[in-house]
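Spelled out, the chains give:
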Amino acid sequence: MDFQKLLLEVGKALRKDEVKALAFLCTDLLDRNTASVESASDLFSRLADQDRLSADRPELLNELLSIIQRPRLARDLGLTHQVSAESISPYRKLLYNLSENLTNDNLKEVKFLLTKELPRRKLEENVTALEVFLEMEHTDLISNTDLRLLETIIEQVCPMLKDRINRFKQVQHSSPVAQETGRPRSITYPFETNQVPHGMTFSSETPALHPLAESTMTSSNTSVDLPNACHVGDECEAVIHQLSDLNTETSVCASITVKNYSVVIHSQGNETSSGKLMSPTTNTNTEVLGTYPMTAAKRGICLIINNYDFTKSPKSLQKREGTMIDEECLCKVFRWLGFEIETQRDCDSERMLSVMQELGRRNHSQMDCLVCCILSHGMEGSVYGVDGHTVSIRSLIEPFSASNCSSLAEKPKLFFIQACQGTSEQKAVYIEADGPARSLVRSDAIEAKDSIPADADFLLGMATVPSFVSFRERKNGTWFIQSLCQNLVHMVARGFDLVSILTKVNADVSERTDGSGIKKQMPQPAFSLRKKVVFPNPKGPPPRL
């Protein structure tokens, strides 16, 4: 049967409530934009547009029909394909399963208990359980890492369903990955610790990712070594997926060690310089520490201010060779993460301020967060415009405080500053110091803690700590930005939060050395975040940097 005709037949066979259920299950796949789905054809078209559903890839349709208990329909239409890698997250299936087991009276009680949490219009009689759950997600009342409120309500309304939440939490806690969409990237299985099941073999040839660039610098366990430290390889991933049972009715515990790779997957590990994966939660109980919601219509703006040409500056500042490579990598990575990219090049001090102030005046209510990257020369507490005049970091960040930009209140505002610290002679390996390398005594780096506003929800990632210089390779870009981009690509897909990623950046950059073998740089993040920043796993393939 023609695949389009098959989809039409499926749509005709589904009830309206089943279509709504399928749309809910596909929430994470369609960037949460499922409220306007009115028909099965509309849903299937959107999935096809995202390359999720086609004649060559019908597995998702089979999986969806299986979840809503329509296996006979799938069988009658010849959908006999096995689901090789499940696309619907356990979290999404849990919420659907709960909704199916709540009676009309149960749902009325749920709405009553939420009267102080949600607008009355969202709790009207015609509002379904799935719509209530979606609204709870939108208002950050629940997420895949925080089900406390839902658990409390279910315990009062239908205690027998609480066990399903507990089993889901057990699976989540046994997995080394927890992300906003609730879809684990590596699945666990109950084997003995430090053992690989008999008969299971893994190739020791881990497929290497395309490196950011070939570096002439010596390094030890730096970002270019990360593919072997964080990726298990296609063969191992396939075995792990085959072992998994993502049905929320099943509880599994995990501990699998793959000795042929420089990675060990356990329920609670820590990342070390040997490359072992650590838990994305940095020693913090996920029941206590929440996650910023990434459920808005858009991820947000990523503004990149890239100052390269300082030839008109009276300060005799050099051109920042290599900065265009940084800009290109930042654009690729943050576009992959779902951000809208805006770039401003060679801004003088007044232009830098006006760009930030204009961005702060915009309405960000339909966005999850904000990212700003500033690439320039700098001095303590400030960065240079191309006119040679400085602008304080605080004045650049202040337009986004809660009092100045209410639409970003309680949302993460993320700033990454690659600030050069002056001029120094080029080395033979084409490395330029982004600060006065002659004096390591003078505090010539920006003090991150003095630049971050008193408001909550800010993060400021600096390339250097005081008394150190930051480095930029003319052919490969800066150590900090390149490590940031590469670690975002490698670790976001595995559910790590941003602070953990920046910790890995610290480790990588701190181990890089110049030709003389003297360590020169240590990045410094400072933040007033109240929750974890976990970017949802992007739909498309990771960018080649």
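Residues numbered from 1 in each chain as written. Predicted model: local features only at pLDDT ≥ 70, side-chain atom pairs only at ≥ 80, totals over all residues. Heavy atoms only, no water.

Visitor: Now, about the overall build of the protein chain: what can you tell me, with residues and values included?
Guide: Within the protein chain, the secondary structure is distributed over 18 helices and 13 strands. Here the protein chain, with 545 residues, has 56% of them falling under the buried criterion. With an accessible surface of roughly 23,800 Å², the protein chain has 47% of that area assigned to carbon and sulfur atoms. (Helix = DSSP H or I, 4+ residues; strand = E, 2+ residues; numbered from the N terminus. Buried < 20%, exposed > 50% of the residue type's maximum accessible area, 1.4 Å probe, protein only. Areas by Shrake-Rupley, 256 points an atom, 1.4 Å probe, with all protein chains shown as cover.)

Visitor: Please set out the packing of aromatic side chains residue by residue, giving values where relevant.
Guide: Here the structure, examined in full by the defined rule, presents six aromatic pairs. Where F339 meets F535, the ring centres are 5.7 Å apart and the plane angle is 85 degrees; that geometry is what we call edge-to-face. A residue pair is termed long-range when its members are at least 10 positions apart, and F339 in the loop between α13 (323-336) and β4 (340-345) and F535 in the segment after β13 (524-527) qualify at 196 residues. Across the pair, exposure class does not vary: F339 and F535 are buried alike. An aromatic cluster of three or more residues is present, and its members are F334, F339, F416 and F535. (Phe/Tyr/Trp six-rings, centres within 6.5 Å; stacked < 30°, edge-to-face > 60°.)

Visitor: Could you give an account of the confidence of the model for the protein chain, naming the residues involved and the relevant values?
Guide: Model confidence for the protein chain is summarised by a mean pLDDT of 74, while 67% of its residues fall at 70 or above. Low pLDDT, under 50, characterises residues 435-447; the predicted model gives this stretch 49 contacts beyond four residues in sequence or across chains. (pLDDT = per-residue confidence, 0-100. Contact = heavy atoms within 4.5 Å.)

Visitor: Talk me through unusual backbone geometry; I want residue IDs and the actual numbers.
Guide: The residue D140 is not glycine, and still its phi comes out positive at about 65 degrees. By secondary structure assignment, the location of D140 is in the loop between α8 (129-138) and α9 (148-157). Here S316, not a glycine, exhibits a phi torsion of approximately 60 degrees, which is positive. Summarising the element assignment, S316 is placed in the loop between β3 (298-306) and α13.

Visitor: Please provide a residue-by-residue account of α9, values included.
Guide: Looking only at α9, the buried set comprises L150, E151, I153, I154 and V157. Viewed end-on, α9 has its buried residues packed into an arc of 165 degrees, placing them on one side of the element. (Arc of directions from axis to C-beta.)

Visitor: Give a detailed account of the environment of C372, specifying residues and quantitative values.
Guide: Topologically, C372 is positioned in strand β5 (residues 367-379). C-alpha separation for the pair C372 and E342, spaced 30 residues apart in sequence, amounts to 9.5 Å. Once you skip the residues sitting within four places of it in the chain, C372 turns out to touch L303, M356, L359, F400, L414, F415 and F416.

Visitor: Got a sec to walk through the nonpolar core? Specific residues and values, please.
Guide: If you look at the biggest cluster of nonpolar residues, it comprises 60 residues, and the most contacted ones within it are V10, L14, L61, L65, F133, M136 and L150. Core analysis: the next-biggest nonpolar cluster, separate from the first, contains 39 residues, V371, L414, C485 and L488 among them. (Core = buried A, V, L, I, M, F, W, Y, C linked by side-chain atoms within 4.5 Å.)

Visitor: How would you explain the pattern of salt bridges if you had to name every residue and give the values?
Guide: All chains considered together, the criterion is met by 22 salt bridges. Between K162 and E151 there is a salt bridge, with the nearest N and O atoms lying 4.0 Å from each other. You can see K162 sitting in helix α10 (residues 162-174) and its partner E151 sitting in helix α9, a full 11 residues away along the chain. We note a salt bridge from D457 to R530, for which the minimum N-O separation is 2.8 Å. Here R530 lies in the segment after β13 and D457 lies in the loop between α16 (448-451) and β10 (458-462), a separation of 73 residues in the sequence. By relative accessible area, which is 3% here, D457 ends up buried. Given the relative accessible area of 39%, R530 is considered partly exposed. When salt bridges that share partners are traced, they join R15, D17, E18 and R70 into one network. (Salt bridge = Lys/Arg side-chain N within 4 Å of Asp/Glu carboxyl O.)

Visitor: Report on α13, specifying residues and quantitative values.
Guide: For α13, spanning 14 residues, the distance from its first C-alpha to its last is 20 Å, which sits close to the expected 20 Å at 1.5 Å a residue. Buried within α13 we find T323, D326, E327, C329, L330, C331, V333, F334 and W336. Residue G338 follows α13 closely and has a positive phi angle near 100 degrees. (Expected span 1.5 Å × (residues − 1).)

Visitor: Any chance you could break down the environment of A55 for me, citing the residues and the numbers?
Guide: Mapping A55 onto the fold places it in the loop between α3 (40-49) and α4 (59-67). Judged by its relative accessible area of 51%, A55 is exposed.

Visitor: Lay out the pairing of β10 with the relevant residues and their values.
Guide: The buried count for β10 comes to five of five residues, which makes it a mostly enclosed element. Across the two faces of β10 the burial is the same, with F458, L460 and M462 and L459 and G461 all buried. The sheet contact formed by β10 and β13 spans four bridges and is antiparallel. Paired with L460 across the two strands is A526, which belongs to β13. (Pairing = 2+ DSSP bridges.)

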